Amino acid sequence: MKRAQILGLSIAGGAGLLAFIGMQMLIEPPQQRIVEASSVNTTKVLVARTDIGLGALTTNASFRWQEWPRDAVDQSFITYDRNPNGQSALVGAVARSPVVKGEPVTSRKLIKAGKGGILAAILPAGKRAVSTRITEQSAVGKMILPNDHVDVILSKRGRSPSGRQTNESITLFRNIRVLAIGQQIDLNENRKDAQGNVATLELTPEQAEALVLANTTGEISLTLRSIVDTVKTKDDEYRKKDRPTAIKIIRYGQSSRAYTIN
């Protein structure tokens, strides 16, 4: 190869190399992504380690402490900062309502059992638990379960002024919560029904008096309400012109105390 050719190739190669270096300098190098670790302010909150059923007695294994964003902590939560002994303090408490696994524990759902029984612990303040006998015919084939809501109907026989026998049905109460069937206040996951010939209802003191009286005057039946129909509406209210509002006892021709029907 001639010297002139070698010189030309060298010049061309050098120019190409310079051009490549120049292009590399013009291209902006990729920016390094800087990841900043943001710290979340958390605290320990007492939560349910397992599902806790209605009326269940808690043990130390029922709870655990879990990190929780401090901004999302409600005042009703039990935190380690405010109550480090909160877990041991709730051992032996009664569940007033079901608590699902991982749900924060509150004093409204778990209360310490006193000298009374479990039913007294789960009964809301101002309410009364009253039982009434049920059969397959009077309780939807005994398919009514604890925590269902029912209407309470009184059926009774009487006599017309002409002496003919009459039958009458009166709806005493609507949207009443069933506390227990027999001695069962909650259903095990493996159980499909509740056994017992007695239904215990959650009533006001006035309703409790009326139900006790109604049991002496006729037969009580329970009608099951839909699970989406547990909130009273205007359609549930009684009209005085449509049905009586009280039950009276007549003894020896004298009218005694009247019990209002709600």
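Residues numbered from 1 in each chain as written. Predicted model: local features only at pLDDT ≥ 70, side-chain atom pairs only at ≥ 80, totals over all residues. Heavy atoms only, no water.

> What am I meant to see in the pairing of strand β6 (residues 149-159) here?
For a regular strand, the rule is simple: side chains alternate between the two faces of the sheet. As paired strands, β6 and strand β7 (residues 165-181) are joined by ten bridges and run antiparallel to one another. By the bridge assignment for β7, L154 is matched with I170. Two successive antiparallel strands, β6 and β7, enclose a turn made up of five residues, where G163 displays a positive phi of approximately 95 degrees. With six bridges joining them, β6 and strand β9 (residues 219-224) adopt antiparallel strand pairing. The partner of D151 across the bridge, within β9, is T223. (Pairing = 2+ DSSP bridges. Helix = DSSP H or I, 4+ residues; strand = E, 2+ residues; numbered from the N terminus.)

> Got a minute to help me understand the pattern of salt bridges in this structure?
Pairs can form between side chains of opposite charge whenever their charged atoms are close. In this structure the tally under the stated criterion is four salt bridges. Its salt-bridge partner being D151, residue R225 comes within 2.8 Å of it at the nearest N-O pair. Here D151 lies in strand β6 and R225 lies in the loop between β9 and β10 (246-251), a separation of 74 residues in the sequence. Considered together, R225 and D151 belong to a single accessibility category, that of buried residues. For E202, the salt bridge identified is with R177, shortest N-O distance 2.8 Å. Here E202 is found in strand β8 (residues 198-203), whereas its partner R177 is found in strand β7, with 25 residues between them in sequence. Side by side, E202 and R177 carry an identical accessibility label, which is buried. (Salt bridge = Lys/Arg side-chain N within 4 Å of Asp/Glu carboxyl O. Buried < 20%, exposed > 50% of the residue type's maximum accessible area, 1.4 Å probe, protein only.)

> Got a minute to help me understand the sheet that holds β9 in this structure?
Two strands in a sheet stick together by hydrogen bonds in their backbones, pointing the same way (parallel) or opposite ways (antiparallel). Here five strands make up an open sheet; going across it, the order is β5-β8-β7-β6-β9 and the pairing antiparallel. Pairing within the sheet leaves two strands with one partner each, and these edge strands are β5 (128-133) and β9. Pairs of neighbouring strands in the sheet enclose a mean axial angle of 40 degrees, with direction left out of account. Strand direction decides the pairing type here: β7 and β8, joined by three bridges, are antiparallel. Of the residues in β8, the one forming a bridge with V178 is L201. Seen against the sheet, helix α4 (residues 205-217) touches β5, β6, β7, β8 and β9 and runs at an angle of roughly 15 degrees to β5. (Axes fitted to C-alpha atoms, helices over the stretch in contact; angles between N-to-C directions. Contact = heavy atoms within 4.5 Å.)

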